[in-house]
Amino acid sequence: MATALDVGDLKVASGDFSTPSRSAPWLHAPHTPFPDLREDNSSMTSTSGVTLVNQIGNQLNTREISESAVAMFDERGTVVAWTQAAERLVGYSAGDVVGRSVALVLPFSEGTSTISAFIERCRAQNGWWGVMPVRRREGRMIDINLRISMLWGQDGTVRWLLSVTDIGTVSGDAMNGSVREALLTRAPIGIVVRDPQLHCLWVNDTMESHDGISRDRRLGRRLTDSLPGSESEALEAVTRQALASGATAVQEYRLWPPGDPRREHAFSASFFCLQDADGKALGVCTMSVDVTESRRARERLAILSQASTRIGSTLDVMQTGQELADLAVPVLADYAVVDLAESIPCGEEPLTRFDTIGGRPPAFRRAGVASIHPGIPESPWARTEKVSFPPASPFTSVLRTGRSHLEPVLDTSPGTWLARDPARANTIHENGMHSLMIVPIRVRHFVLGVAVFIRTEDPVPFREDDLLLAEELVTRAAPSLDNARQYTRQHTTALALQRNLLPHRLKGGAAVEAASRYLPADMDAGVGGDWFDVIPLSGARVALVVGDVVGHGINAAATMGRLRTAVRTLADIDLPPDELLTRLDDTFQRLAEDDADALDETPAVVGATCLYAVYDPATRRCTMARAGHPPPAIIDPQGQVTFPDLPSGSPLGIGLGVPFEAVELELPEGSLLALYTDGLIETRDDDIDVGMQRLGTALTQPARSLEDLCTRATETLQGQAPSDDITLLLARTRSLSPTQVASWTLPHDHTTVHNARHMAARQLTEWGLESLQDPTQLIVSELVTNAILHSTGPIGLRLIHHQVLTCEVFDTNANSPRQRRASTIDENGRGLFLVAQLSRRWGSRTVSGGKVIWAEQDLNSAPSHARAGAAA
């Protein structure tokens, strides 16, 4: 019983229809013996207008295509050739089918007359295409895509090629088969059938549009006869491989088709071995598909896919521009440049509108340039150089309108824009530039620059689809360029902020000789929050501080500035190192809480480390404490390096509540103190101990100048991209000689004031500072009087002659004095006001057992008696 199925206007059914003949008449179509045409090869190739070029992929790459199959039948509907692929698809072998009616696999319920009518209909329509279910030999039904193509032989004879695809097995991988894809989409397919000697027996009309070879010139000849050359021989080698193996082979090749002689096309060919009833090879059927557009689409998708990974790999504007140019060459253009507005590499705002300045457009800078030619001879400007555009040119039009410019054929004739720019026209002629695209680089409503694409060696002009690809490529690159611009701006701002907040000149006074080195991190990590300072203190002492705020960027730099200011403020009130860090920790936590309360920002700084040291040249003692910071390195005059066992303390802002501890050391004169941040000793490959040892080795020659030592210590990291800022502060200690310090212990009575004035005047005479006797006696008188009035116990007086003259008075009252403004009727309260008028600065500090009030005077200019009298 047969089951009828509708296929268009036909009724098809599954059934078994036998035919009387099992021969293979397709090889016996009427024709004359093939003439010997080898002597006439030149005339044939000269008129073809087609050149076969190099194949792509492996030259003899073979692949089984189990989902697609072909077979041939004659005008009576008799199968004359079968393939292994057809056997796998429907289950019938060549012996089962060849010589029998095609209705065996495409059953028609009305027998041979129906097949004849169907063939006539196919002839009238030059083939047939449709979808139908068929029954495999074991009875399972499958859905197939059927395509019947008419082939022409000599003397006008006709054969039919049956192309079958199982659409039930369509997958993403299967669609990669170009012939299979063409069968499913009804794309034009060129078909050639050759005998075992590779002579052409049958061909369809589409094949001529592929290679330009007419039917008459192709029939009876080998491919090497029609297109002699190594390329044709390579295709014939694939044909022989299909004949020998019986399997389907696939090969890709390129042609310049007559319908599009200015553009090379890519073709994919599948080679099917045709078998007779005994399974012997009768010949090869080659089916060719023009895959140029699909290849171009895939290439474009590949380019755009690469754009997301290859463009924007760094936060460097110029490097990002170069990545865009590199990606475009050679897949899209032979020569490409990226020109950005001059403000963009500096991180400044992009252009919001285009204006000419003095009749000329704004300045641009070449950020990227790439070419297929070594040395990039096409570019008159090197990368990073300033670029100029002609005022009346497509470049200015693109910048002004924001629309791309496509010039398929560059015209330098009179009246064109290039005629008004002879230098550029000469460059175009010298380098064979013939096609141009200019695409604006826009982000939001801003113009960053332009991307220019040019073809030189590729003879095919740019087309609209090329412009669409270029625009999509530039659109994807624009955010990366803008991100890099914004990062550059933030990095530059943070770096400027950090440099402005750091000291420009270190003042170690009589206590130390100081030098520093600050190296900001690389562009990927950004500017950090490192800071250092040398703060002059009273009594010729000096404070050394190094800190590091966690994080990078403007937030870290701003927090660093606030902490540095806080340290200076706390240092001015002469707090001991451990107490100063405690106050600084409280300040940091309050700042963090204020940032957390701000609704418009998220706090980016979570902590900081700090090392604070105070050195007294009069006693050569150094007191230091640290808050989670690396310990200092101390190098004695003999070059011995030690890292003191200093309690680490917790980082600032953590809120652990653990008190900080200070350590006091006595240092020989000429000792070297090295304070640094972890960026100097930490690397991606080594731990901190290795870095500390490396630093100590670099500083083992303390007799060198401090600048040389800074260079030696930081040169050990050359060749490595730092992941954090590097800060190094070196201080070589000095000491005051005993002749520079005079001190007395005074009794607690009123006669002490007179004696103190007398001893101070005598000491100033010994130092040759007679000009300072009067103001100094007044200062001593006021400070000693206050000590007598507000304290008990002995009183200490010390004069220090260094870069300034310092007067210090010690008493046992720990309360700090406060200057106040006395009214006209008050008898007291003017002492500290008088001291302030007579000195360059004054203050107090808490010490063990009480406090010290001090006042400093410049050595070269004493306060006038008029000022003292006015103060009184």
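Residues numbered from 1 in each chain as written. Predicted model: local features only at pLDDT ≥ 70, side-chain atom pairs only at ≥ 80, totals over all residues. Heavy atoms only, no water.

What about the nonpolar core?
1) Next: By size, the foremost hydrophobic cluster in this structure holds 59 residues, and its most contacted members are Leu-340, Met-437, Ile-441, Val-452, Phe-453 and Leu-473.
2) Next: Beyond its immediate chain neighbours, meaning those up to four positions away, Met-437 contacts Leu-332, His-405, Leu-406, Ala-451, Val-452, Phe-453, Phe-462, Asp-466, Leu-467 and Ala-470.
3) Next: Membership of the second largest hydrophobic core comes to 48 residues, among which are Leu-502, Val-549, Phe-588 and Cys-610. (Core = buried A, V, L, I, M, F, W, Y, C linked by side-chain atoms within 4.5 Å. Buried < 20%, exposed > 50% of the residue type's maximum accessible area, 1.4 Å probe, protein only. Contact = heavy atoms within 4.5 Å.)

So, the sheet that holds strand β26 (residues 641-642)
Strand pairs in the sheet, formed through backbone hydrogen bonds, run parallel or antiparallel to each other.
1) Next: The antiparallel open sheet is built from 5 strands, whose spatial order is β20-β29-β28-β25-β26. The two strands at the open ends of the sheet, each matched to only one other strand, are β20 (512-519) and β26.
2) Next: Relative to strand β29 (residues 726-733), strand β28 (residues 672-676) runs antiparallel, the two sharing 5 bridges. If you follow Leu-673 over to β29, its bridge partner there is Ala-731.
3) Next: Running over the sheet, helix α18 (residues 706-715) touches β20, β28 and β29 and is turned about 35 degrees from β20. (Pairing = 2+ DSSP bridges. Helix = DSSP H or I, 4+ residues; strand = E, 2+ residues; numbered from the N terminus. Axes fitted to C-alpha atoms, helices over the stretch in contact; angles between N-to-C directions.)

Thoughts on a nonpolar patch on the surface
1) Next: Among the surface-exposed residues, Ile-654, Leu-656 and Val-658 lie close enough to one another that they form a single nonpolar patch of about 280 Å² accessible area.
2) Next: Here Ile-654 shows up in the loop between β26 and β27 (663-666).
3) Next: Accessibility expressed as a relative area gives 43% for Ile-654, which makes it partly exposed. (Patch = residues over 30% accessible without salt bridge, like charges linked within 9 Å, V, L, I, M, F, W, Y side chains within 5 Å. Areas by Shrake-Rupley, 256 points an atom, 1.4 Å probe, with all protein chains shown as cover. Salt bridge = Lys/Arg side-chain N within 4 Å of Asp/Glu carboxyl O.)

Observations regarding the packing of helix α11 (residues 317-328) against helix α14 (residues 464-501)
1) Next: Running from amino to carboxyl end, α11 crosses α14 at an angle of 165 degrees, the nearest separation of the two axes being 8 Å. One way to sum up the angle between α11 and α14 is to call them roughly antiparallel. Of the two elements, α11 crosses α14, and the hand of that crossing is right-handed. Counting all contacts with α11, which are made through Val-317, Thr-320, Gly-321, Leu-324, Leu-327 and Ala-328, the residues of α14 involved are Leu-473, Ala-477, Ser-480, Leu-481, Ala-484, Arg-485 and Thr-488.
2) Next: When its residues are assigned to classes, the contact of α11 with α14 shows 8 nonpolar, 4 polar and 1 charged. (Parallel < 35°, antiparallel > 145°, perpendicular 65-115°, else oblique. Left-handed = near helix turned anticlockwise from the far one by under 90°. Nonpolar A, V, L, I, M, F, W, Y, C, P; charged D, E, K, R; others polar.)

Focus: the pairing of strand β12 (residues 265-275)
1) Next: Of all 11 residues in β12, 11 are buried, a share of seventy percent or more.
2) Next: Looking at chain direction, strand β11 (residues 249-255) and β12 are connected through 7 bridges and run antiparallel. Paired with Tyr-253 across the bridge in β12 is Phe-267.
3) Next: The pairing of β12 with strand β13 (residues 281-290) spans 9 bridges and is classified as antiparallel. Of the residues in β13, the one forming a bridge with Cys-273 is Val-284.
4) Next: Counted between consecutive antiparallel strands, the loop separating β12 from β13 contains 5 residues, among which Gly-279 sits at a positive phi close to 85 degrees.

Observations concerning helix α20 (residues 773-790)
1) Next: Counted at 1.5 Å a residue, the expected span for α20 with its 18 residues is 26 Å, and the 26 Å between its end C-alpha atoms agrees.
2) Next: Among the residues of α20, Gln-773, Pro-775, Thr-776, Gln-777, Ile-779, Val-780, Ser-781, Leu-783, Val-784, Ala-787 and Ile-788 are the ones counted as buried.
3) Next: Those residues of α20 hidden inside the fold are in contact with β30 (741-746), α19 (751-767), β31 (795-801), β32 (804-811), α21 (831-838) and β34 (850-858). (Expected span 1.5 Å × (residues − 1).)

Some words on the environment of Glu-407
1) Next: Looking at the element boundaries, Glu-407 is found in strand β17 (residues 405-407).
2) Next: By relative accessible area, which is 12% here, Glu-407 ends up buried.
3) Next: In this structure the C-alpha to C-alpha distance between Glu-407 and Pro-394, which are 13 residues apart in sequence, comes to 9.4 Å.
4) Next: Excluding anything up to four places from it in sequence, Glu-407 contacts Pro-394, Trp-417, Ser-435 and Leu-436.
5) Next: Looking at Glu-407, its side chain comes within polar contact range of the side chain of His-405, at 2.9 Å. (Polar contact = N/O pair within 3.5 Å; in protein donor to acceptor, adjacent residues only side chain to side chain.)

Quick word on unusual backbone geometry
1) Next: Cis geometry marks the peptide bond from Val-329 to Pro-330, where omega comes out at 5 degrees.
2) Next: Mapped onto the fold, Pro-330 is located in the loop between α11 and β14 (335-341).
3) Next: Backbone geometry at Arg-444 places phi at a positive 55 degrees, although glycine is not the residue there.
4) Next: As for its position among the elements, Arg-444 is in the loop between β18 (435-443) and β19 (446-455).
5) Next: Positive phi, normally seen in glycine, also occurs at Ala-540, with a value near 70 degrees.
6) Next: In this fold, Ala-540 is placed in the loop between β21 (528-536) and β22 (542-552).

Some words on the pairing of β32
Consecutive side chains along a regular strand alternate between the two faces of the sheet.
1) Next: Most of β32 is tucked away: 7 of the 8 residues are buried.
2) Next: Bridge count for β31 against β32 is 6 bridges, and the pairing is antiparallel. Looking across to β32, one finds that Leu-799 is bridged to Cys-807.
3) Next: Taking the residues that link successive antiparallel strands as the turn, the β31-β32 hairpin has 2 residues.
4) Next: By the bridge criterion, 8 bridges tie β32 to β34 in an arrangement that is antiparallel. The partner of Val-804 across the bridge, within β34, is Asp-858.

A closer look at the environment of Ser-101
1) Next: Examined against the element boundaries, Ser-101 turns out to sit in the loop between α3 (94-97) and α4 (112-125).
2) Next: Separated by 23 residues in the primary sequence, Ser-101 and Thr-78 have C-alpha atoms spaced 4.6 Å apart.
3) Next: Side-chain polar atoms of Ser-101 contact the backbone nitrogen of Ala-103, separated by 3.0 Å.

Digging into the environment of Thr-114
1) Next: Its location among the elements puts Thr-114 in helix α4.
2) Next: Between the C-alpha atom of Thr-114 and that of Gly-77, which follows or precedes it by 37 residues, the distance is 10.0 Å.

Here's the deal with the confidence of the model for the protein chain
Regions with low pLDDT carry predicted coordinates that are not meant to be interpreted in detail.
1) Next: When pLDDT is averaged along the protein chain, the result is 81, and 83% of the positions lie at 70 or above.
2) Next: Scored below 50 in pLDDT, residues 864-872 shows 8 contacts in the model against residues more than four places distant or in partner chains. (pLDDT = per-residue confidence, 0-100.)

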